[in-house]
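# Structural description and commentary
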Amino acid sequence: GDWSSDVCSSDLCVLDACAAPGMKTSQLAAAVCGDWVAALGGQPPPGARVIAVERSSKRFSVLTDMLTRSRANTVTTPLNSDFLDIEPGQYPEVEYIVLDPSCSGTGMVKRAGEEEDPTPERLQKLSSLQYKLLTHALRFPNVKKVVYSTCAVSEEENEQVVKKITDRSEEHTS
């Protein structure tokens, strides 16, 4: 089903694990708040909250600017931290996580001067990080859903990362 239909209620906490530049985070804040629009001066539902995590200081600055412009800052707590350094047990309120990690961008239109295709070594490095991030997201004690997405079209960064997680999960449950 539509993940956003699950997130439009009060006492809801969504974590955006790789948040910059802030477009997804702003959309999450709007979804968490339902029809409420900050620009119109309304009050968000009680407990509606988004946690936006961004590792890069430069990108964190862009994120906070975007959250201010979109008025998502009224329900969003930005954290300038590596998602892998966040202790899941300290965030029992998180029920939903959006994970859109760094990727090769092979699904994006190439700009002039960009290399044609990522090397196998680059894909391996990216998929390894993506696997670590997704594994970490699944460690949050009360998480109900994790939305994983990339702007890559490579199986290494998408299907294979998810398959590695599900294979590991099946080993632990059988």
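Quick look at the structure, then.

Definitions and cut-offs
Sequence positions are assigned chain by chain, starting from 1 and proceeding in written order. In keeping with the model being predicted, local features are shown solely for residues with a pLDDT of at least 70 and side-chain atom pairs are shown and tallied solely at 80 or more, while totals for entire chains, interfaces and linings include all residues. Where side-chain values are given, they derive from all heavy atoms of the structure, hydrogens and water being excluded. Numbering of helices and strands runs from the N terminus, with a helix taken as a DSSP run of H or I at least four residues long and a strand as a DSSP run of E at least two residues long. The buried label goes to any residue with under 20% of its type's maximum accessible area, the exposed label to any with over 50%, and the partly exposed label to all in between, with areas taken from a 1.4 Å probe on protein chains only. Here, two residues are considered to be in contact whenever any of their heavy atoms come within 4.5 Å of each other. A 1.4 Å probe and the Shrake-Rupley method give the accessible areas. Residues count as covered only by the protein chains that appear here. The axes are straight lines fitted to the C-alpha atoms, using for helices just the contacting stretch, and the angles between their N-to-C directions are given from 0 to 180°. It is the rotation of the near helix from the far one that decides the hand of a crossing: anticlockwise by less than a right angle makes it left-handed, clockwise makes it right-handed. Side-chain classes follow a simple rule in which Ala, Val, Leu, Ile, Met, Phe, Trp, Tyr, Cys and Pro form the nonpolar group, Asp, Glu, Lys and Arg form the charged group, and the remainder, Gly included, forms the polar group. When DSSP finds two or more bridges between two strands, those strands count as paired. The rule is short: rings of Phe, Tyr and Trp, with Trp giving its six-membered ring, pair when the centres are within 6.5 Å, and they are stacked under 30 degrees, edge-to-face over 60, tilted in between. Geometrically, a charge over a ring is one whose NZ (Lys) or CZ (Arg) sits within 6 Å of the ring centre while staying within 35 degrees of the ring normal.

## Brief notes about the overall build of the protein
- Counting secondary structure elements, the protein contains four helices and five strands.
- When burial is assessed residue by residue, the protein has 40% of its 174 residues classed as buried.
- The contacts in the protein between residues at least 6 apart in sequence include a share of 77% that link residues at least 24 apart.
- With an accessible surface of roughly 9,900 Å², the protein has 50% of that area assigned to carbon and sulfur atoms.

## Brief notes about the packing of helix H1 (residues 23–32) against helix H2 (residues 57–70)
- Close contact between H1 and H2 brings their axes to 9 Å; oriented N to C, the two are set at 35 degrees. For the crossing formed where H1 meets H2, the hand is right-handed. Along its contact with H1, which presents Met 23, Thr 25 and Ser 26, the element H2 presents Leu 63, Met 66, Leu 67 and Ser 70.
- In terms of residue class, the contact of H1 with H2 is made up of four nonpolar, three polar and no charged.

## Notes on the pairing of strand S2 (residues 49–54)
- A large share of S2 lies buried, amounting to five of its six residues.
- Inspection of the sheet shows strand S1 (residues 13–16) paired to S2 by four bridges, in the parallel sense. Looking at S2, one finds that Val 14 is bridged to Val 50.

## Quick look at unusual backbone geometry
- Cis geometry is found at the peptide bond from Ala 20 to Pro 21, where omega equals 10 degrees.
- As for its position among the elements, Pro 21 is in the loop between S1 and H1.
- For Arg 71, which is not a glycine, the phi torsion comes out positive at approximately 65 degrees.
- Counting through the fold element by element, Arg 71 comes out in the loop between H2 and strand S3 (76–80).

## Notes on the sheet that holds S1
- Pairing is parallel in the open sheet, where five strands are placed in the order S3-S2-S1-S4-S5. In this open sheet, the two strands that pair with only one neighbour each are S3 and strand S5 (145–148). For this sheet the average axis-to-axis angle between neighbouring strands, irrespective of direction, equals 15 degrees.

## As for the packing of aromatic side chains
- Considering all chains together, one arrives at one aromatic pair under this definition.
- Both rings, one in Phe 83 and one in Phe 140, keep their centres 5.7 Å apart while their planes meet at 0 degrees; by these two values the pair is stacked. Placement of the pair is Phe 83 in the loop between S3 and strand S4 (96–99) and Phe 140 in the loop between helix H3 (120–137) and S5, with a sequence separation of 57 residues. There is no split in this pair, since Phe 83 and Phe 140 are both buried.
- Between Lys 164 and the ring centre of Tyr 131, over which it is positioned, the NZ or CZ distance is 4.3 Å.

Interpretation in functional terms is not warranted from these geometric data alone.
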